[in-house]
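These are the residues of each chain, in order.
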Amino acid sequence: MNRVPGGLMLIPLILGSIIGTFFMPALEIGSFTTALFVDSALPLIALLIFATGTQVTLRSTGPVLAHAGTILLMKSLVPATLVILLGLWVGLDGVLGVSILALLVILDNSNGGLWLAFTGRYGDKRDRGAYMASAVNDGPFISMLFLGVSGLADIPILALVAAIIPFFLGMLVGNLDDKWRNIMVPVPNIVIPFFAFALGTGIDLTAVVTGGAQGLIVGLIAAPFTGFLVYLGYRFMLRRGVKSGLGFAAGTTAGNAIATPAVIAEIDSTFAPYVADATAQVAASALITAIIAPLIASYVLKRNGALEPAEDVAEATEAATATEAPTEGTGSGEGGSTGETRE
């Protein structure tokens, strides 16, 4: 899976969508099978968020917030503003069969799992910690904020707080105990394939084919467009140089966003007529952007000679190995001492 950019997330996601579309009853037999392959996405993502938090030291908090803020600005706030301006001009029906609801949901969020998977391999602590932007935009929050400027929608602040608590708990644990930080290093490679598969089971390929053609087109445009905006933020605001190509990995639509049109319609029935098509279009965009965003990011990084594993991951892995080595050596030493005593 490592041979495919973002493959750790992408390949299980596609497999999950295929099996979820055609063989879903096989995964709904209950017990551990359903728990792992269908219902595991949120708890595993929460574990990944916790593990990411353990890698952020107090000294790196400022840079992490700067990166998260840049992604939130360029991937969510700027695109959402453009969509709202378009909506004020053309109305809720949108353009070319894509409603303003669908456009907003497709453009204003990002796939935090894919971002963590990609930056976990090619980024550093600042990039992985910037997942916090996804904690804000992954779901109905930004969409509700922009659609609800007239007071039609309430922002569930408590839900937003709940989404970032695991990250800060991870930070606390990682800063209190270096060994815990090292223990949590391999967590991304373990949990990402499983939660990606579980997310994939929620993507109905039939709906994508029958009603999501426009979503595929929008996704093909959204990935390079919003990714380029984040790239600009990385290059000119964060001054990341050759690593600025990481920004293109944010040009995605979150799998969780598939449910956003229905959530918004429950709050404001004005959007109810758009829910069915918008859901299919968002699902199509989530799938296509998950494929092309990491490909674009990999291409840009490779062109700049920066498609290399993150140094801090390698250092942390070496540290974890070094932590185990003395233990083994100590055991041998004790054994040796005992042997000498017996002699």
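What counts, and at which threshold
- Along each chain, the written sequence defines residue order, and numbers are assigned to residues from 1.
- It should be noted that, the model being predicted, local features are given only for residues of pLDDT at least 70 and side-chain atom pairs only at 80 or more, the latter also being counted only at that level, while totals for whole chains, interfaces and linings use all residues.
- Each side-chain value is worked out from all heavy atoms of the structure, with water and hydrogens disregarded.
- Strands are runs of DSSP state E lasting at least two residues, helices are runs of H or I lasting at least four, and both sets are numbered from the N terminus onward.
- Partly exposed describes any residue whose relative accessible area lies between the buried limit of under 20% and the exposed limit of over 50%, with all areas from a 1.4 Å probe on protein chains only and scaled to the type maximum.
- Contacts are assigned to residue pairs that have any heavy atoms within 4.5 Å of one another.
- Residue-level accessible areas treat just the shown protein chains as cover; the underlying method is Shrake-Rupley with a 1.4 Å probe.
- Here the expected length of a helix is defined as 1.5 Å per residue gap, with one fewer gap than residues.
- Starting at the helix axis, one direction is taken to each C-beta atom, and the arc is that of these directions.
- In summary, the pairing rule links any two rings of Phe, Tyr or Trp, Trp by its six-membered ring, whose centres are within 6.5 Å, and it sorts them by plane angle into stacked for under 30 degrees, edge-to-face for over 60 and tilted for everything else.
- Only C-alpha atoms enter the line fits that serve as axes; for helices the fit covers just the stretch in contact. Angles between N-to-C directions range over 0 to 180 degrees.
- Orientation labels follow simple angle bins: below 35 degrees gives roughly parallel, above 145 gives roughly antiparallel, 65 to 115 gives roughly perpendicular, and whatever is left gives oblique.
- In a left-handed crossing the near helix is turned counterclockwise from the far helix by less than a right angle, and in a right-handed crossing that turn is clockwise.
- Residues are grouped as follows: nonpolar covers Ala, Val, Leu, Ile, Met, Phe, Trp, Tyr, Cys and Pro; charged covers Asp, Glu, Lys and Arg; every other residue, Gly included, is treated as polar.
- A patch consists of residues exposed above 30% relative accessible area that lack any salt bridge, with like charges linked at up to 9 Å and nonpolar side chains (Val, Leu, Ile, Met, Phe, Trp, Tyr) linked at up to 5 Å.
- Any Lys or Arg side-chain nitrogen found within 4 Å of a carboxyl oxygen on Asp or Glu counts as a salt bridge.

Draft legend 1. Spotlight on the overall build of the protein. Along the protein, the regular secondary structure elements total 18 helices and zero strands. Counting the 343 residues in the protein, one finds 50% classified as buried. Within the protein, contacts between residues separated by at least 24 positions form 82% of all contacts whose residues are at least 6 apart in sequence. For the protein, the computed accessible surface area is about 15900 Å², with 67% contributed by carbon and sulfur atoms.

Draft legend 2. Representation of helix H4 (residues 41-54) in the model. Here H4 contains 14 residues, and its C-alpha end-to-end distance of 20 Å stays within 8% of the 20 Å for a straight helix at 1.5 Å per residue. Of all 14 residues in H4, 10 are buried; the element is thus mostly enclosed. Residues of H4 that are buried: Ala41, Leu44, Ile45, Leu48, Ile49, Phe50, Ala51, Thr52, Gly53 and Thr54.

Draft legend 3. Up close: the side chain of Thr252. On the secondary structure map, Thr252 appears in the loop between helix H15 (213-237) and helix H16 (260-267). Apart from residues lying up to four places away in sequence, Thr252 is in contact with Lys75, Ile106, Asn109, Ser110, Asn111, Leu114, Thr289, Ala290 and Ala293.

Draft legend 4. Spatial organisation of the environment of Ala35. Tracing the sequence through the fold places Ala35 in helix H3 (residues 31-37). Its relative accessible area of 39% is what places Ala35 among the partly exposed residues.

Draft legend 5. A look at unusual backbone geometry. Here the phi dihedral of Ser31 falls at roughly 55°; this positive angle occurs in a residue that is not glycine. Following the sequence through the fold, Ser31 ends up in helix H3. A residue is classified by how much of its surface remains accessible, and Ser31, at 61% relative accessible area, is exposed. Here the phi dihedral of Arg239 falls at roughly 55°; this positive angle occurs in a residue that is not glycine. Structurally, Arg239 is set in the loop between H15 and H16. Note on Arg239: relative accessible area 66%, which makes it exposed.

Draft legend 6. Structural context of H16. Three or more residues of H16 are buried, namely Thr260, Pro261, Ile264 and Ala265. For H16, the angular spread of buried residues about the axis comes to 135°, placing them on one side. In this fold, the buried residues of H16 make contact with helix H6 (100-107), helix H10 (141-147) and helix H17 (275-303).

Draft legend 7. Spatial organisation of the environment of Leu246. Note that Leu246 resides in the loop between H15 and H16. Classification of Leu246 as buried rests on a relative accessible area of 0%. Distance from Leu246 to Val300, taken between C-alpha atoms, is 8.2 Å for residues 54 residues apart in sequence. Those residues in contact with Leu246 that sit more than four places away from it in its chain are Trp115, Phe118, Thr119, Tyr122, Gly123, Asp127, Tyr234, Arg240 and Leu301.

Draft legend 8. How the structure looks around the packing of aromatic side chains. Overall, the coordinates contain seven aromatic pairs when judged by the stated rule. Ring plane angle 75° and centroid distance 5.6 Å describe the contact between Phe37 and Phe197, whose orientation is recorded as edge-to-face. Within this pair, whereas Phe37 is found in helix H3, its partner Phe197 is found in helix H13 (residues 187-200), the two being separated by 160 residues in sequence. Taking the relative accessible area as the measure of exposure, Phe37 reaches 30% and is therefore partly exposed. Phe197 gets classed as buried once you look at its relative accessible area, which sits at 13%.

Draft legend 9. Broad picture of the side chain of His67. With respect to the helices and strands, the residue His67 is situated in helix H5 (residues 61-90). Excluding residues within four positions of it along the chain, His67 makes contact with Arg126, Asp127, Ala130, Tyr234, Leu238 and Arg240.

Draft legend 10. Layout of the packing of H6 against H15. Between H6 and H15, the least distance of the axes is 10 Å, while the angle of their chain directions is 45°. Judged on the interaxial angle alone, H15 and H6 are oblique. Crossing angle aside, the handedness with which H6 passes H15 is right-handed. On H15, the residues touching Leu103, Ile106 and Leu107 of H6 are Val218, Ala222 and Thr226. Residues belonging to the contact of H6 with H15 are distributed by class as follows: five nonpolar, one polar and no charged.

Draft legend 11. The arrangement of a nonpolar patch on the surface in detail. Nonpolar side chains collect at one region of the surface, where Leu82, Leu85, Leu88, Ile217, Leu220, Ile221 and Phe225 lie side by side and expose about 720 Å² of accessible area between them. Contributions of two or more residues to the nonpolar patch are made by H5 and H15. Ranked by residues supplied to the nonpolar patch, first place goes to H15 with four residues. Tracing the chain through its elements places Leu82 in helix H5. On the basis of relative accessibility, which here comes to 43%, the residue Leu82 falls in the partly exposed class.

Draft legend 12. Spatial organisation of the packing of H16 against H17. It is at 8 Å that the axes of H16 and H17 come closest, and there the two elements cross at 155°. Viewed along their axes, H16 and H17 adopt a mutual orientation that is roughly antiparallel. Here Pro261, Ala262 and Ala265 of H16 lie close against H17, whose contacting residues are Val275, Ala278, Thr279 and Val282. Grouping the amino acids of the contact of H16 with H17 by side-chain chemistry returns six nonpolar, one polar and no charged.

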